[in-house]
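Observations on the three-dimensional arrangement
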Amino acid sequence: MKLLNRSALSVKPTQAFVDWVNSLEPTVGEDDLTLEDIAGENTVYLIPEMDTPEALLAYVEERYSDILDTELRAWEEDERQWPESLNWALFEEFLTLEHSYLAVDLDDEAELETSEVDDELLMETDEDR
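**Thoughts on the overall build of the protein**
Counting its regular elements, the protein contains four helices and five strands. Split into buried and exposed, the 129 residues of the protein put 28% on the buried side. A sequence separation of at least 24 residues applies to 79% of the contacts in the protein between residues at least 6 apart. Entry remark: accessible area of the protein is about 9,300 Å², with carbon and sulfur atoms responsible for 47%.

As structure tokens, then:
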């Protein structure tokens, strides 16, 4: 195991986010996604170590726009389909956060690799891999 010099932020969609996703391609009843359907679609962001709730809030307030952009883009690339105001209120309405103080890599064999975020990678599904 490797202890990473990072904290982690798990970003989870809310019902309002699911409603927005469903509005992209209106369907009738049964075909709509539910919050339960996308419960496993959380994104984990590695962030600098945060020792206090105040430090975490300050960091998230600085980066919320990047996080919101990534989460919206994962479901819809066409920014014209996005909500009109991408502000802090929308961030709080669409996403919930869970902070972890430690990030541990359980893979003893693979080296950690970094790469730039690729929009195509965000759009991949398990079936594509």
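**A short note on the nonpolar core**
Core analysis: the largest hydrophobic core is formed by 21 residues, its most contacted members being Leu9, Trp20 and Leu95. Secondary-structure elements contributing two or more residues to this core are strand S2 (7-13), helix H1 (15-24), strand S3 (43-47), helix H2 (53-75) and helix H3 (88-94). When residues in this core are grouped by element, the largest group, seven residues, is from H2. When near neighbours in sequence (up to four residues on either side) are disregarded, Leu9 contacts Thr43, Val44, Tyr45, Ile47, Leu56, Val60, Ile67, Leu97, Glu98 and His99.

**Some details on the side chain of Thr14**
Along the polypeptide, Thr14 turns up in the loop between S2 and H1. Overall, Thr14 belongs to the buried group, its relative accessible area being 14%. Those residues within four positions of Thr14 in sequence are excluded, and the remaining contacts are Leu35, Glu93, Phe94, Leu95 and Thr96.

**As for the pattern of salt bridges**
Counted according to the given criterion, the structure contains six salt bridges. As a salt-bridge pair, Lys2 and Asp105 come within 3.7 Å of each other at their nearest N and O atoms. Taken together, the positions of Lys2 in strand S1 (residues 2-4) and Asp105 in strand S5 (residues 103-105) put the pair 103 residues apart, joining distant regions of the chain. Accessibility expressed as a relative area gives 14% for Asp105, which makes it buried. With a closest N to O distance of 3.2 Å, Arg73 and Asp69 form a salt bridge. Remark: Asp69 and Arg73 occur in helix H2; sequence separation between them is four residues, near one turn of the helix. Linked through salt bridges whose partners overlap, the residues forming this network are Asp69, Arg73 and Glu79.

The rules behind the values
Residues numbered from 1 in each chain as written. Predicted model: local features only at pLDDT ≥ 70, side-chain atom pairs only at ≥ 80, totals over all residues. Heavy atoms only, no water. Helix = DSSP H or I, 4+ residues; strand = E, 2+ residues; numbered from the N terminus. Buried < 20%, exposed > 50% of the residue type's maximum accessible area, 1.4 Å probe, protein only. Contact = heavy atoms within 4.5 Å. Areas by Shrake-Rupley, 256 points an atom, 1.4 Å probe, with all protein chains shown as cover. Core = buried A, V, L, I, M, F, W, Y, C linked by side-chain atoms within 4.5 Å. Salt bridge = Lys/Arg side-chain N within 4 Å of Asp/Glu carboxyl O.

Geometric descriptors of this kind do not, in isolation, establish any biological role.
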